[in-house]
Amino acid sequence: MSPILVLDDVSVKLPAGGDRSHAMEKVSLALAANEILCVVGESGSGKSMTANAIMRLLPGGVTIDGGRILFEGRDLCGLGEAEMRKVRGAGIAMIFQEPMTALNPLRSIGDQIGEMFELHTELSAAEIKARTLALLEEVRIPDPALAFKAYPHELSGGQRQRAMIAMALALDPKVLIADEPTTALDVTTQAQILKLIRDLQRRKGTAVLFITHDFGVVAEIADRVAVMSKGHVVEQGATQAVLGNPQHAYTRQLIAAVPPLKAPPPRALSSEPIMTIAHVSKTYRTGGFLGRGQRVTHAVKDVSLVLPKGATLGIVGESGSGKSTLARCLVRLIDPESGEIRLNGIDLAKLSREEMRSATRDIQMVFQDPFASLNPRRKAGEAVAQGLIVHGMARPEALARAKELFGLVGLDPASTERYPHEFSGGQRQRIGLARALALEPAVLVADEPVSALDVSVQAQVLKLLAELRERLGLSIVFITHDLRVAAQVCDLVAVMKSGEVVESGPIGAVFGEPQHAYTQALLASIPGREFGKGQRLAEEATA
Amino acid sequence: MRVLSLAGRRLAASIPTLILILIGVFLLLQLAPGDTVDAMMAQMGGGDATTARQLREFYGLDLSVWAQLGNYLWRLVRLDLGFSAIYGKPVATVIAERLPATILLMTASLSFAFFFGLILGVVAARGVNKWPDTLISTFGLMFYAMPTFWFGLMAIVVFSIYLQWLPAGGFEDITVSYTGLRRTLDIAQHLVLPTLTLGLFYMAIYLRIMRGSMLEVLNLDFVRTARSKGMDETRVVVRHVLRNALLPMVTLIGLQAGTMLGGSVVVESVFSLPGLGRLAYESVIQRDLNTLLGIVFVSALLVIAVNFIVDLLYARLDPRITTGS
């Protein structure tokens, strides 16, 4: 079959003064009808730029400076702006990563989907409405009539992405570009959306260019794969071939960094608990006047867990399951309503603010977003030393200690003088770790510490965390939504849903033979479950 | 309905503020030397101590400060603003005579500032860093930096004295009594310069806010979505960007209603308009406490009313407000 979309030696030039001159260099790809081509790569690899270049929606100062983009035989680079607008939406449609921000918050869903028809067809208002409703039906949104009138904030993340897909497929485009369409979604929702895209694509024979950073998703959905690195396509081929037998060193490295879902053999755990959590609850109340019409959310409901000394306890769950609230309760950033949190025999939940401040020496937290959690106006070394200074260490001493800690987490001690924005994402998360470790805590509470990182960086940070655990005898509470990561770092795991722990135990047992229906559903939703096997093959091949 | 209850709650919350303002102004004026009677005596060309004492007794000024305050608040509860000794009329009447000019001036200036601020902001944002943007931003800065009174005086010099296009002051031509449409036109002619003087300053602020928020919204994801649908730039701006970019500006209007009343004092003085601002100024000079408190009360009500409308407008513009989540 002849390809419908061809990128022939396409180069995209970045404005002068960036870290590289081209976002894409001599990228050649071909996409045939009725196939899904996954473009996979880490952040900054130029994969999203590829999508933008095809749509000719490049940010200011960024230009295509070589090659041809052929769509149905026509070179898109040579089209006038008016001609190009006819291709966008009707010929090539696009769906985006974050359905909340990709939809206009002030206009209803039906209105925004209908706009597609308004722009490209001469249909009457009634006809447009009927077609829009049919589309919403097709993407299986519950209650299409209601969704038609709804505003984006009134729908869930999955429903919003369904609406987005309905919009993109409104005019039966030949090509659909999906830019990380499931990255912002929970794993069970992601599985549904992937299935929906696959189904619709099969039925309509659309060619899909699917951009992702997740090899699991690639294994789940792709017919063919193109791996991008620093603006170049380093390898492309059939999914089986690339994932099973990667040729390029970079592909191998990327695949090796994906944590396998199967847990490593269990470690011997101490029988002595360092922290016990008993019957902890936290409820949020919103709205209402004097108790009337109030909405009550049980963010954490009667949670009891034990963390043995030197162990890592994973808390997994989807967004809204209460795992982050629980983490914040443990360090008393949020006060739990009831229950006790015993750390070395002391009940943290009963301590006064003053007493808690000195108890924070023993329990520290690492946050998800390594950029947002560091003050941009303070030097990295100061951020690390601050805790020590607060707890009574002299400033010069504390700064010297910060240098040591930088060494400990694998950063250059001289870089304490730099500001957070001068570090990369992985380095910033190392600073976050150094800051948490400065007070030599017994327990580290890590809230999604690697979720914002690229897969290869993530592997490095996880390795560092494991090393530190051994060297410093740390016990870790590890909060994550990523079951693959949990499988690799945790000894014990607790699965949370709607504020409750539905299942807990040793990771091998819970992931190997899940008892609760929700755990089973969660595990079944992981994209590319079989991918772990292929990976081991790859490792053997490289060995 | 939720919007109304939300706005209603805001309204209720402003009542304590209103009372605090009134008490504050009352006490502040007690600190100023002299009272109404002193001012009246000065106007009459002096008088003896007995007359002064009798007058003070008549107006209740011989009571303690707290008793006077109590009296005032009690009258206010019965919606009685008191009697102005200086004007010899009830305060409510005095204010009612002056209110139309101020409201007209404020509405006109606000509409002018909003409309042109919006248009110029959009034009500047669409040609960002090109000549329209530079030109608009430079003029904006000029109007922003220029003191209102100076601008008013210069406008009188140019348009009224040299060119003789527009009247230099007043609310209407008092030498001839027009009626109907002719009168409306006459008032409009008198209000052109004051409106420009007061409005240009606010226009400068609004256009900067609009330009900034347009640029911000133009970078949002849903604008990219709109473009990826194959929509042209004008349509993108009108249908997706404008309403989102308006939100900060609408908020600002609510916040600035009070400032605008303050600004009208200067403008009304420069153009000798019989408005609330000038009345306030005269009341301070003449220690006419009742009138002044009445003006404070009415101005506060005006600001609260504007904010109420802005709340409703905001909820109309942004559907996320109505669900309260």
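These numbers come from a predicted model, not from an experiment.

**Q** Could you give an account of the overall build of chain B, with specific residues and numbers?
**A** Per the secondary structure count, chain B includes 13 helices and two strands. By principal-axis analysis of the C-alpha atoms, chain B measures approximately 85 × 55 × 40 Å. The proportion of buried residues among the 325 residues of chain B is 42%. Of the side-chain charges in chain B, 25 are positive and 20 negative, and the distance between the mean point of each set is 13 Å.

**Q** Let's hear about the sheet that holds strand 20 (residues 500-506) of chain A: which residues, and what values?
**A** Residues and elements named next belong to chain A. Taken in spatial order, the six strands of this open sheet run 16-17-18-13-19-20, and their pairing is mixed. Each edge of the sheet is formed by a strand with only one pairing partner; in this case those strands are strand 16 (363-366) and strand 20. Taking each pair of neighbouring strands and ignoring which way they run, the sheet shows an average axis angle of 15°. Where strand 13 (residues 312-316) meets strand 18 (residues 475-480), five bridges bridge the pair, whose relative direction is parallel. If you follow Ile-315 over to strand 18, its bridge partner there is Ile-479. In this fold helix 17 (residues 455-472) packs onto strand 13, strand 17 (443-447) and strand 18, with an angle of close to 155° to the strand it touches most, strand 18.

**Q** Could you give me a rundown of the confidence of the model for chain A, with the residues and numbers involved?
**A** Within chain A, residue pLDDT values average 86, and 95% of them lie at 70 or more. When the criterion is pLDDT under 50, residues 533-543 of chain A qualifies, and its contacts beyond four places in sequence or with other chains add up to 12 contacts.

**Q** A description of the packing of aromatic side chains should follow, citing residues and the corresponding values.
**A** Working definition: an aromatic ring pair is given by the centre-to-centre distance plus the angle between the planes. The final tally for this structure, using the stated rule, is eight aromatic pairs over all chains. Aromatic pair Phe159(B) and Trp165(B): ring centres 6.0 Å apart, planes at 40°, arrangement tilted. You can call Phe159(B) partly exposed: its relative accessible area is 29%. Using a relative accessible area of 57% as the deciding quantity, one classes Trp165(B) as exposed. Here Phe201(B) and Tyr202(B) contribute two aromatic rings whose centre-to-centre distance is 5.2 Å and whose plane-to-plane angle is 90°, an arrangement assigned as edge-to-face. Under the relative-accessibility criterion, Phe201(B) is labelled partly exposed at 24%. An aromatic cluster is built from Phe112(B), Phe115(B) and Phe116(B), whose rings are joined through pairwise contacts. Sitting above the plane of the Phe423(A) ring, Arg418(A) keeps its charged end 4.7 Å from the centroid. The aromatic ring of Tyr518(A) is capped on one face by Lys497(A), whose charged end is 5.4 Å from the ring centroid.

**Q** Please provide a residue-by-residue account of the side chain of His190(B), values included.
**A** Residue and element names in this part refer to chain B. Take His-190: it is sitting in helix 8 (residues 180-218). Residue His-190 is classed as buried on the basis of its relative accessible area of 8%. At a separation of 2.9 Å, a polar atom in the side chain of His-190 contacts the main-chain carbonyl oxygen of Asp-186. Dropping the residues within four chain positions of it, His-190 is found in contact with Pro-167, Gly-169, Gly-170, Phe-171, Glu-172 and Asp-173.

Definitions and limits used
Residues numbered from 1 in each chain as written. Chains lettered and ligands numbered in written order. Predicted model: local features only at pLDDT ≥ 70, side-chain atom pairs only at ≥ 80, totals over all residues. Heavy atoms only, no water. Helix = DSSP H or I, 4+ residues; strand = E, 2+ residues; numbered from the N terminus. Buried < 20%, exposed > 50% of the residue type's maximum accessible area, 1.4 Å probe, protein only. Lys, Arg positive; Asp, Glu negative; His and termini not counted. Charge placed at Lys NZ, Arg CZ, Asp CG, Glu CD. Pairing = 2+ DSSP bridges. Axes fitted to C-alpha atoms, helices over the stretch in contact; angles between N-to-C directions. Contact = heavy atoms within 4.5 Å. pLDDT = per-residue confidence, 0-100. Phe/Tyr/Trp six-rings, centres within 6.5 Å; stacked < 30°, edge-to-face > 60°. Lys NZ or Arg CZ within 6 Å of the ring centre and 35° of its normal. Polar contact = N/O pair within 3.5 Å; in protein donor to acceptor, adjacent residues only side chain to side chain.

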